[in-house]
Amino acid sequence: MGAGGRMSVLPGAKKSEADIHQRAPHSKPPFTLGEIKKAIPPHCFQRSVIRSFSYVVHDLIWASLFYYIATNYFHLLPYPLSYLAWPIYWAFQGCILTGVWVIAHECGHHAFSDYPWLDNTVGLILHSALLVPYFSWKYSHRRHHSNTGSLDKDEVFVPKTKSQLAWFSKYLNNPPGRFITLTIQLAIGWPLYLMFNVSGRHYSRFACHFDPHGPIYTDRERLQIYISDAGVLAISYGLYRLAVSKGVAWVLCVYGCPLLIVNGFLVLITYLQHTHPALPHYDTSEWDWLRGALATVDRDYGILNKVFHNITDTHMAHHLFSTMPHYHAMEATRAIKPVLGDYYQFDGTPFYKAMWREAKECIYVCPEGDHNKGVFWYQNKL
């Protein structure tokens, strides 16, 4: 048991297949949210404007440095080094901008500062710069946190039952099919989710994050959806003007390709946090908020954990206390492990291997046996 059970091993430690597939506890936990919170030092819940802005400045300095090097020196490199340099820039800039995305995500949780207006202002600017409708995503993501692990009400990466699978799923259950599926998911999964609610919760009518009058939002939220749309439109117009003055290729190289990296990591991080052979999902007969919040897994992305402000390896703490700033999340995670025991889930499998494994093994969910019919587990036999 110990401080985290079978998965509470150091990142990179080898685990057998049996360890990886051993299921997480799904019964009502023997502790309460209050008991978990008591284990965390009180200062972990304190938000600092100065410290939060320091991460914004840090990331923007690195992004500006990469931009400066790319636009001022790449054209001086001899062929073919000039062409090889751009993909390196895309990877580095995409990772840094993913960190910027995470800070904006933190603003949406009111974890940036003690001032909601400041959180929303910073979040709107940063997310709009990455073509994300800030308030639109903020409200749908809040409902994800309110309904994590629920097959009926969760908002993102809601697994399907076998009967809900598309007719062509069996033709994709092979290495080439998985490669195609993952490529599409990472390349355009994020815009498909925003525009068409792909992989999201089922609604009775068309759902789109850009539609203020769509079923995702309540009447009191609709005005802010218009503001989000205006932010994305403003950045889009700015990109159009840049394309006119500097060319489409310049915009794609400097901004478009790094944005693809950001979107890909966003999808991958979210997918791996909520998709694992050991994680349960629940229907309405079994679901409750605490068990849903515990149905997540911390992952290890190596050095990228720091670049991504530890959203990758402190996700369970984030789901339990989403207003906690990221710079306290590691300390909080260490503090809650002894309380959570086997309910704490960590998998140190390299993310590129985990991505392939989960795509192979987590195709649909179903209950097993006559007991716990409201508890669903991933399966892959079609």
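In this report, we go over the structure that sits alongside the text. Bear in mind that the values here come from a model prediction, so they are computed numbers and not experimental data.

In this section: the packing of helix H9 (residues 248–274) against helix H14 (residues 351–361). Running from N to C, H9 and H14 cross one another at 65°; their axes reach a closest spacing of 11 Å. For the crossing formed where H9 meets H14, the hand is left-handed. Listed contacts from H14 to Phe265, Leu268, Tyr271 and Leu272 of H9 are Phe351, Ala354, Met355, Glu358 and Ala359. Of the residues in the contact of H9 with H14, the class split is 8 nonpolar, no polar and 1 charged.

Taken together, the side chains of Trp62, Leu65, Tyr67, Tyr68, Ile69, Tyr73 and Leu76 present a nonpolar region at the surface, about 680 Å² in accessible area. For Trp62, a relative accessible area of 37% corresponds to the partly exposed category.

We now examine the environment of Phe308. Within the secondary structure, Phe308 sits in the loop between helix H11 (304–307) and helix H12 (315–320). Owing to a relative accessible area of 0%, Phe308 belongs among the buried residues under this scheme. In sequence terms Phe308 and Ile269 are 39 residues apart; their C-alpha atoms lie 9.9 Å from each other. Contacts of Phe308, omitting those with residues within four sequence positions, involve Cys95, Thr98, Gly99, Val102, Phe265, Ile269 and Tyr301.

We now examine the packing of aromatic side chains. Overall, the coordinates contain 26 aromatic pairs when judged by the stated rule. Ring centres of Phe45 and Phe321 lie 5.5 Å apart, and the angle between their planes is 85°; on these two criteria the pair is classed as edge-to-face. Here the residue Phe45 occupies a position in the loop between helix H2 (33–38) and helix H3 (49–73), and Phe321 occupies one in the loop between H12 and helix H13 (329–340), the gap between them amounting to 276 residues. For Phe321, a relative accessible area of 8% corresponds to the buried category. Among the aromatic residues, those joined into a cluster by ring pairs are Phe265, Tyr301, Phe308, Phe351 and Tyr352. Stacked on the ring of Phe45, the Lys or Arg Lys37 has its end atom at 5.2 Å from the ring centre. Directly above the ring of Trp250 sits Lys246, whose terminal nitrogen or CZ lies 5.1 Å from the centroid.

What counts and what doesn't
Residues numbered from 1 in each chain as written. Predicted model: local features only at pLDDT ≥ 70, side-chain atom pairs only at ≥ 80, totals over all residues. Heavy atoms only, no water. Axes fitted to C-alpha atoms, helices over the stretch in contact; angles between N-to-C directions. Helix = DSSP H or I, 4+ residues; strand = E, 2+ residues; numbered from the N terminus. Left-handed = near helix turned anticlockwise from the far one by under 90°. Contact = heavy atoms within 4.5 Å. Nonpolar A, V, L, I, M, F, W, Y, C, P; charged D, E, K, R; others polar. Patch = residues over 30% accessible without salt bridge, like charges linked within 9 Å, V, L, I, M, F, W, Y side chains within 5 Å. Areas by Shrake-Rupley, 256 points an atom, 1.4 Å probe, with all protein chains shown as cover. Salt bridge = Lys/Arg side-chain N within 4 Å of Asp/Glu carboxyl O. Buried < 20%, exposed > 50% of the residue type's maximum accessible area, 1.4 Å probe, protein only. Phe/Tyr/Trp six-rings, centres within 6.5 Å; stacked < 30°, edge-to-face > 60°. Lys NZ or Arg CZ within 6 Å of the ring centre and 35° of its normal.

Any link to function would need more than the numbers given here.
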